[in-house]
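This is what each chain is made of:
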Amino acid sequence: MRYAKRGPLRFTSHRDFARAFERALRRAGVPIAFSQGFTPHPKISYASAAPTGVASEAEYLEIGLREPVDPEQLRIALDAALSPGLDVLDAVAATGGSLPDRIEASRWRIELPEVDPAELERAVATFTAAGEIQVERMTKQGRRTFDTRGAVISIDVLAPSETPSGATAVPCAILEVVVRQVTPSVRPDDVLSGLRVVADLEPPVSPRVIRLAQGTLTAQGEIVDPLDADRDGAAIGER
């Protein structure tokens, strides 16, 4: 399934979303399958969840079911059972292969209110010219230093336009970045840290970030929806 986190619901943590999704499964009467053992859990697997506070149009998960259901009816039922802003956008029957293995890259849009687009252009040029940009971030394994430049496939300053999040500040520079899935993961805030390291770019207010897509990366740098490989499935649960 593909789902979105929009508006204020972008501040929902991954753990809070997981609880909300399990409640939605119960309310919608979904015949969810459970793991074996003394403490059975619903068979739900999440793929590369966006950080808390980041909006997304492309979050993915897999569920296991006890019996076949119609994918579109399942999508409608779960979307109705979730709060507005947590929106189920697509559902297909899995035909084989691992969903996480199809997540190779993400496309992010980063809106920077009160940043001059020309200033961002100069910072991006310096970033692109660098061979390596080391940044620090606290991870579950402790503070890590890693190269943020190597994971960035493309980084572009977009022409001024209406911002998707409704930002009203003028000027508002907009950055679109395609980042390869690596370990540790390179997030939009790491890219901004890299711009600060090489170009002293310091946004005066918090950025607004949205994930536009994630999936398989083509040789041309395009991102393919990971559900496309399963479009011919007849019904979820059938094999």
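It should be emphasised that the depicted structure is a prediction, and the values quoted were computed from it without experimental measurement.

A. Geometry of the confidence of the model for the chain. Of all residues in the chain, 92% attain a pLDDT of 70 or more, and the chain-wide mean is 90. Across the chain, the secondary-structure element scoring lowest on mean pLDDT is strand β6 (residues 134-139), at 88, and the one scoring highest is strand β4 (residues 86-90), at 98. Across residues 233-239 the pLDDT falls below 50, and counting only partners more than four positions away or on other chains, this stretch makes 18 contacts in the model.

B. Summary view of the environment of Ala 105. Note on placement: Ala 105 falls in strand β5 (residues 105-113). C-alpha separation for the pair Ala 105 and Arg 180, spaced 75 residues apart in sequence, amounts to 4.2 Å. Once residues within four sequence positions are removed from consideration, Ala 105 is found in contact with Ile 153, Val 178, Val 179, Arg 180, Gln 181, Ala 213, Gln 214, Gly 215, Leu 217 and Ile 223.

C. The arrangement of unusual backbone geometry in detail. The amide bond that connects Thr 183 to the next residue, Pro 184, takes the cis arrangement and shows omega of -5°. Within the secondary structure layout, Pro 184 lies in the loop between β9 (172-180) and α4 (188-199). Residues other than glycine seldom take positive phi values, yet Glu 114 does so here, at roughly 70°. Although it is not a glycine, Asp 200 sits at a positive phi angle of roughly 55°. Among the structural elements, Asp 200 can be located in the loop between α4 and β10 (208-217).

D. Expanded view of the environment of Asp 87. Its place among the elements puts Asp 87 in strand β4. The class of Asp 87 is buried, set by a relative accessible area of 14%. Put simply, Asp 87 and Arg 23 are 64 residues apart on the chain and 14 Å apart in space, counted from C-alpha to C-alpha. In this structure Asp 87 touches Arg 2, Tyr 3, Ala 4, Arg 6 and Asp 79, once residues within four positions along its chain are discounted. Among the polar contacts listed, one links the side chain of Asp 87 to the backbone nitrogen of Gly 85, at a separation of 3.3 Å.

E. How the structure looks around α4. For α4, built from 12 residues, the straight-helix expectation of 16 Å at 1.5 Å per residue is met to within 8% by its first-to-last C-alpha distance of 16 Å. Within α4, the full set of buried residues consists of Pro 188, Asp 190, Val 191, Leu 192, Ser 193, Gly 194 and Leu 195.

Rules behind the numbers
- Residues numbered from 1 in each chain as written.
- Predicted model: local features only at pLDDT ≥ 70, side-chain atom pairs only at ≥ 80, totals over all residues.
- Heavy atoms only, no water.
- pLDDT = per-residue confidence, 0-100.
- Helix = DSSP H or I, 4+ residues; strand = E, 2+ residues; numbered from the N terminus.
- Contact = heavy atoms within 4.5 Å.
- Buried < 20%, exposed > 50% of the residue type's maximum accessible area, 1.4 Å probe, protein only.
- Polar contact = N/O pair within 3.5 Å; in protein donor to acceptor, adjacent residues only side chain to side chain.
- Expected span 1.5 Å × (residues − 1).

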